[in-house]
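# Structural features, examined
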Amino acid sequence: MQTRTLTIQDSTDPDASLRVQSQPGEPPAYSEVLYRLFLPVGGPVDVVIEGCGITLDQFQLLTLSPGERISFSPSASFLSCAFHHNFFCVRVMRNEVFCDGVVFNRLRGLPIVDLKEDGYRTARARFEELGNIISGESLFKPEHAINTIKSLLLQAADCKIRYANPDETFQVTPAKVSEIVARFQDLVEDNYAKHLEIAEYCDMLGVTIATLNRHVKNELGQTAKQLAQERLALEARVALRTGDRSVKEVAFDLGFGDPLYFSRFFRKQFGAAPTQYFSGTA
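Keep in mind it's a predicted model, so treat the numbers as computed, not measured.

## A short note on the side chain of Gln21
Inspection of the secondary structure puts Gln21 in strand β2 (residues 17–25). A polar atom in the side chain of Gln21 sits 3.3 Å from the backbone oxygen of Gln23. A distance of 2.5 Å separates the side chain of Gln21 from the side chain of Ser80, its partner in a polar contact.

Here you go:
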């Protein structure tokens, strides 16, 4: 399936782009280092996410974080897009679209958003709009594309919260995450491989552990420690999936002095040994 691509200027990363499939069909083989959105066309489809088979209804949006593996049934038809975090500036925009806590729900629950019929029509129009933006001649393509993705993710976040399964809880009350939480997420992004204690993050933020945990729990539904460990786990999964480094090398690169401790940490997060991800069996 042909996609339209918009690349970040002056970037040395070959994946630093936005790719859009704006015509229904078999989804492209997007890189697993990208954020990916899939909207089914023509009825329910079967997919396998991280070894778990599920049926995606027509009015549902599938949202995959970097490192998550998926396969599709042969007859599956989608609209889709994939983008590098540098393209969308997830780090800057996260407090507006809840990328980390709601839309791309990371390790918790299924990465599915119920849009309902009206929301589905709106989302489909936005995929088509993205394709038109990229194929057009505007001097402001990146800005237009980012605004459209942002609108799509805001819609997804709203639907995710309003139509959440009773087993899922999103304790998101503000329109944006607080400055404390946004700064904490940025610090985690810069330091996750250093295995800092939450008290060290609090010192950098100038707040108490209780204050940080209260904000993170109320706004993202998890503790500060869980957020930091989740970021580290996701980086480990992406690193293992590339196949460029052994489990031992990935463990050391991510600050684990003992590969056995890394294996226990990984299994706790994903329910599978890192050797299974490295070998491609998970």
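## Here's the deal with the packing of aromatic side chains
Summed over the entire model, instances satisfying the criterion amount to 12 aromatic pairs. Centroid distance Phe184 to Tyr201: 5.3 Å. Interplanar angle 90°. Geometry classified as edge-to-face. With Phe184 in helix α6 (residues 179–191) and Tyr201 in helix α7 (residues 198–205), the pair connects residues that are 17 residues apart, well separated along the chain. The interplanar angle of 45° and the centroid separation of 5.7 Å between the aromatic rings of Phe256 and Tyr261 together place this pair among those described as tilted. Take Phe256: its relative accessible area is 2%, and that puts it in the buried class. The structure contains a cluster of three or more aromatic residues connected by ring pairs, namely Phe256, Tyr261, Phe262, Phe265, Phe266 and Phe270. The ring of Tyr192 has Arg231 lying over it, and the distance from NZ or CZ to the ring centre is 4.4 Å.

Conventions used here
- Residues numbered from 1 in each chain as written.
- Predicted model: local features only at pLDDT ≥ 70, side-chain atom pairs only at ≥ 80, totals over all residues.
- Heavy atoms only, no water.
- Helix = DSSP H or I, 4+ residues; strand = E, 2+ residues; numbered from the N terminus.
- Polar contact = N/O pair within 3.5 Å; in protein donor to acceptor, adjacent residues only side chain to side chain.
- Phe/Tyr/Trp six-rings, centres within 6.5 Å; stacked < 30°, edge-to-face > 60°.
- Buried < 20%, exposed > 50% of the residue type's maximum accessible area, 1.4 Å probe, protein only.
- Lys NZ or Arg CZ within 6 Å of the ring centre and 35° of its normal.

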